[in-house]
Amino acid sequence: MIETGTELGALGSGMTGKENAVKPSLGNALPYFFPLAIFPLAIYATLYGGWWIAGPLVFLILPDMFDGVFGAHERNMDPDETHGRELLFYNASIWLWAALWPVTLLIGLWQILIVGHLSVWETVLVILALAGVAQSVFIVGHELAHRNAKWERGLSEFLLMSIAYPHYALEHLYGHHANACTPADPGSAPKGLNFWRYFPRDMIRGYTNAWRFACNRLARRCLPTWHYTNPFWRYLLGTGAWFALVYWMGGPWALLIFAYLCIGVAVSLKTINYVQHYGLQRIRLPNGRFEPVRSWHSWSAASQFTNWLFYNIQRHPDHHIAADRRYPLLQHCGGDAAPQLPGSYVKMSFLVMAPPLWFRTMDPLIDRWRERFYPQIKDWRTYESPAFAARPDAFEVIDEILSSSPRLGTWINRAPMLLDNLKEKDFTNLELPDGFGPDPESEADVRRGLTRLFWTREFGIDEMRARIAELPIHNTRDAVEMTRHWANDQIFQIGVHVMRGHLTPVEASIALANVAEASIASMLSVIEDVFASRHRHGTAKIAVVAMGDLACQEAAPGTELKVAYVHDGDDANSARALCRRFHEGLQALSRDSLLFAPTPRNRKAPAALSLQDFAECCRTAAPDRTLLALTRARCIFAAGDTGLAQKFETTRREVLARDTVRDALRTELNTAAEHASEPGLASLREMRGGLREIERAAQSLQLAYADEGPDMLILNTAAIFRAASERGLGPNGAAKRLEKAAQMWQNLKGILKWAAPDDFAAETAASSLKAVIAHAAGADDFEALADAIGVTAMRADDDIKAVRA
């Protein structure tokens, strides 16, 4: 008697009690012989073609039809009370399937390739039918691969060789079962990954993981990689034998047909693999390991007919709990023990092919699974991040970055290799362990001091250029790519220090400016050398002048790379040609940069003026933004003549010291904004007393005292007010207060660039991000920061009016 039904499993484990267990018998084993019916149907299709081809194709759609008829079956056989000899009939169905498949495949290939009586459309349909039959090769091969008998494991490999996927047995046993539902397992699809992206990744990593395991096992035995015991010898020879046989049957075109068949079978396998663990994740424990595999780490389904047809493959949760348990003994896990699919594996495999429909169906189930089995985890962003998938060992720091600095989180998700920089000595030497000081506050002070000393004093431009010089750079393309990658690595380290409060954004701006200047100078030096080697007159003499935040050491991520070019006038044509090369190099350097905003490809190189023409133009030109930009301009690289940088600086000071220039520019700078915003973090630049007005007030002070000495023509906004305070300029300490306000605004501007996303809104921001922003400005919390912004802006507005008077 065949026992069917829809009895509910016991709560908790989803397993029925022993008194209701299924007994092993010939009657209960007979349904598992039903899959063998596909073989005569497939053979008749290959022999006679025509309507006979409908037989195997119809058979393949039966599960979806008959699952509704037979319903669900949740009763189990008792594995503790069932002996191996009682499973003979169940084993016989597997053995017969394994024996009939090679025969059917050979008959089909013979009819297609040698007899050749089938038309083109019949051949295509027969191949599809054979691929449908072959989808169970993996199911049967998987079952036999888990057996203890050597001959059964060998039979598994033989079956898998027939569809060119023999390494599956090795990778599945030693890779998938150990790493299921972790990033180390390519067969476990994370939430949001569609099948068409999953398939090539799983195929490639399946091969490489199997090869790596085989090589590591040989290495542990002190044997060479290509020792005869390497299983890939068997895989290569066995698979090669099948391809050789197919080639003998039909030549090169036959190989394409067989390859098509094998790919079709692989797609069938991977759809099932994709379904089995989609979106399910093992949790990382405090000790750095993942929790053991549980029943809730696989999707379960109880449709009886599909389980008959595919040898209980839908009881996959129990298979991961007891991997050596034979298919009749696999236990059904109910909803309290494992997530349940809304349909059979067959039905879900068709749904996989349409990712939007798949996501709409499955993602809400995954959210409910998380609430059911992991109610303590409220934020799954770390587990879902590409950074975690690539660097699971860095879970803690990824979680810290994603919660405290979404901007850095975007970086590591786009380029997970950035996380490797946190293992470099430059970083680890500054990350002192807890407990080295008398109290946490002292330890924090020491960390901040060490980090600040290293990044603003010790690791200067010369040392950075020496590091870049050690890179294997052979041409201008190397110079651009390697310099950019090196700079990104340093910028990421700086960003993590800012996030942790070891560097203020103002201090980080100094480090960023050094990284930028060293990168630009190193790259342009290579371009200069290449240019000189191709021109018999050597290189031109050019000063590359940085404008704006980069020149003032007020840079932050996303800074626009604005430069101007000034040459000595000796060889204008060579100078213009070299400037074009410099411009192209800087454009390339800005792409994929963590520091610079990308320079548009269609932006032309700025006109290169001789130093004499530049000075004359400034002397005769009416005051405008070009002249105003000179208050924030600095030579960062000089080609051909290092003295050109000083010549440019002298010319800049002379121009800004002219009375007519100063008076006109100060009039413009001292004009108050008509529509200033209300004080707040969102209006940091445009509010009254905000960043824009403070910068303009500093520029006005520069111009007012430009002819009295070089100390007022410095570029940094806070430093200008510091110099003014030392000179006693401004009433009642206004300049000193403006220095502090400038530092606060720069810190807030910087931390938003470092940590906050582009769509930052204080109302929806995470508390950890708010804490990072408040700490960067010296406030105790975010509420205190809001009050401090209002008070500082009001006082700064009054002080700006005072210093302008």
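Keep in mind that this is a model prediction, so the values were computed, not measured.

Novice: Can you break down the packing of helix α23 (residues 476–499) against helix α24 (residues 505–534) residue by residue, with the values?
Specialist: At a closest axis distance of 10 Å, the pairing of α23 and α24 adopts a crossing angle of 175°. Regarding the angle of α23 to α24, the classification is roughly antiparallel. Judged by residue contacts, Thr476, Ala479, Val480, Thr483, Trp486, Ala487, Gln490, Ile491, Ile494 and Val498 of α23 engage Pro505, Ala508, Ala511, Leu512, Val515, Ser519, Met523, Val526, Ile527 and Val530 from α24. Here the contact of α23 with α24 is composed, by residue class, of 16 nonpolar, four polar and no charged.

Novice: Can you explain the packing of aromatic side chains? Please cite residues and give values.
Specialist: A full pass over the atoms with the stated rule returns 53 aromatic pairs. An aromatic cluster is built from Phe290, Trp296, Trp369, Phe373, Tyr374, Trp380, Tyr383, Phe388 and Phe395, whose rings are joined through pairwise contacts. In this arrangement the basic side chain of Arg217 is found over the ring face of Tyr174, its NZ or CZ atom lying 5.7 Å from the centre. Directly above the ring of Phe373 sits Arg372, whose terminal nitrogen or CZ lies 5.0 Å from the centroid.

Novice: Can you explain the sheet that holds strand β3 (residues 563–567)? Please cite residues and give values.
Specialist: Ordered in space as β5-β3-β1-β6, the four strands form an open sheet in which the pairing is mixed. Of all strands in the sheet, those bounded by a partner on one side alone are β5 (609–610) and β6 (633–639). Strand direction decides the pairing type here: strand β1 (residues 542–547) and β3, joined by five bridges, are antiparallel. Note on β3: the bridge partner recorded for Ile542 is His567. Contacts from α24 reach β1 and β6, with the element oriented near 35° to β6. Sheet strands in contact with helix α25 (residues 572–590) are β1, β3 and β6, and its direction is about 160° off that of β3.

Novice: Explain the pairing of β6 residue by residue, including any values.
Specialist: With respect to burial, β6 is a largely interior element, five of its seven residues being buried. The pairing of β1 with β6 spans six bridges and is classified as antiparallel. What sits directly across from Ala543, in β6, is Ala638.

Novice: I'd like a rundown of a positive patch on the surface, residues and numbers included.
Specialist: A contiguous patch of positive charge, built from Arg534, Arg576, Arg580 and Arg581, is present on the exposed surface. Top contributing element to the positive patch by residue count: α25, with three residues. Tracing the backbone shows Arg581 in helix α25.

Novice: A description of the layout of surface pockets should follow, citing residues and the corresponding values.
Specialist: Of the pockets and cavities examined, the largest pocket occupies roughly 1100 Å³. Around the largest pocket, the lining is made up of 38 residues, and of these Arg685, Glu686, Leu691, Glu695 and Lys749 lie nearest the centre. Secondary structure elements with two or more residues in the lining of the largest pocket: β2 (559–560), α27 (625–629), α30 (691–704), α32 (734–754) and α34 (782–804). Broken down by element, the lining of the largest pocket gets its largest block of residues, five residues, from α30. In terms of residue class, the lining of the largest pocket is made up of 18 nonpolar, five polar and 15 charged.

Novice: Give a description of a negative patch on the surface that names residues and reports values.
Specialist: A cluster of acidic side chains, namely Asp780, Asp781, Glu783 and Asp787, defines a negative patch on the protein surface. Relative to the helices and strands, Asp781 resides in the loop between α33 (767–776) and α34. For Asp781, a relative accessible area of 35% corresponds to the partly exposed category.

Novice: Provide a residue-level description of empty space enclosed by the protein, including the pertinent values.
Specialist: Inspection of the entire model under this criterion finds eight cavities of 30 Å³ or more. A volume near 370 Å³ is recorded for the largest cavity. Residue assignment for the lining of the largest cavity shows that the elements contributing at least two residues are α6 (120–145), α8 (168–179), α9 (195–220), α11 (252–277) and α13 (316–321). Of all the elements, α11 adds the most residues to the lining of the largest cavity, at five residues. For the lining of the largest cavity, a count of residues per class yields 12 nonpolar, 12 polar and seven charged.

Novice: Outline the confidence of the model for the protein, listing residues and values.
Specialist: On average, residues of the protein score 88 in pLDDT, and 94% of them reach the 70 mark or higher. Predicted confidence for residues 1–16 stays below pLDDT 50, and this span has 48 contacts to residues more than four positions away or in other chains.

Novice: Would you mind going over α6 in detail, with residue names and values included?
Specialist: With 26 residues, α6 extends 37 Å between its outermost C-alpha atoms, agreeing within 8% with the 38 Å of an ideal straight helix rising 1.5 Å per residue. Extensive coverage of α6 is indicated by the burial of 21 of its 26 residues.

Novice: I'd like a rundown of the environment of Phe39, residues and numbers included.
Specialist: Tracing the backbone shows Phe39 in helix α2 (residues 38–48). Spatially, the C-alpha atom of Phe39 lies 9.5 Å from that of Leu105, the residues being 66 residues apart in sequence. Apart from the residues within four sequence positions on either side, Phe39 is in contact with Trp97, Leu100, Trp101, Thr104 and Val133.

Novice: Which residues make up the pattern of salt bridges, and what are the values?
Specialist: Considering all chains together, one arrives at 34 salt bridges under this definition. Across the salt bridge formed by Asp367 and Lys191, the nearest N and O atoms sit 2.8 Å from each other. Note that Asp367 is positioned in helix α15 (residues 355–373) and Lys191 in the loop between α8 and α9, a separation of 176 residues in sequence. You can call Lys191 partly exposed: its relative accessible area is 22%. Between Arg500 and Glu431 there is a salt bridge, with the nearest N and O atoms lying 2.6 Å from each other.

Novice: Describe the environment of Ser533, and please don't skip the residues or the numbers.
Specialist: One can find Ser533 in helix α24. Separated by 323 residues in sequence, Ser533 and Ala210 place their C-alpha atoms 50 Å apart. A distance of 2.7 Å separates the side chain of Ser533 from the backbone oxygen of Val530, its partner in a polar contact.

About the cut-offs
- Residues numbered from 1 in each chain as written.
- Predicted model: local features only at pLDDT ≥ 70, side-chain atom pairs only at ≥ 80, totals over all residues.
- Heavy atoms only, no water.
- Axes fitted to C-alpha atoms, helices over the stretch in contact; angles between N-to-C directions.
- Helix = DSSP H or I, 4+ residues; strand = E, 2+ residues; numbered from the N terminus.
- Parallel < 35°, antiparallel > 145°, perpendicular 65-115°, else oblique.
- Contact = heavy atoms within 4.5 Å.
- Nonpolar A, V, L, I, M, F, W, Y, C, P; charged D, E, K, R; others polar.
- Phe/Tyr/Trp six-rings, centres within 6.5 Å; stacked < 30°, edge-to-face > 60°.
- Lys NZ or Arg CZ within 6 Å of the ring centre and 35° of its normal.
- Pairing = 2+ DSSP bridges.
- Buried < 20%, exposed > 50% of the residue type's maximum accessible area, 1.4 Å probe, protein only.
- Patch = residues over 30% accessible without salt bridge, like charges linked within 9 Å, V, L, I, M, F, W, Y side chains within 5 Å.
- Areas by Shrake-Rupley, 256 points an atom, 1.4 Å probe, with all protein chains shown as cover.
- Salt bridge = Lys/Arg side-chain N within 4 Å of Asp/Glu carboxyl O.
- Lys, Arg positive; Asp, Glu negative; His and termini not counted.
- Charge placed at Lys NZ, Arg CZ, Asp CG, Glu CD.
- 1 Å grid on protein atoms, 1.4 Å probe; cavity = no way out; pocket = protein on both sides within 12 Å on 5 of 7 lines; lining within 4 Å.
- Points joined across faces, edges and corners; volume = space filled by probe spheres on them.
- pLDDT = per-residue confidence, 0-100.
- Expected span 1.5 Å × (residues − 1).
- Polar contact = N/O pair within 3.5 Å; in protein donor to acceptor, adjacent residues only side chain to side chain.

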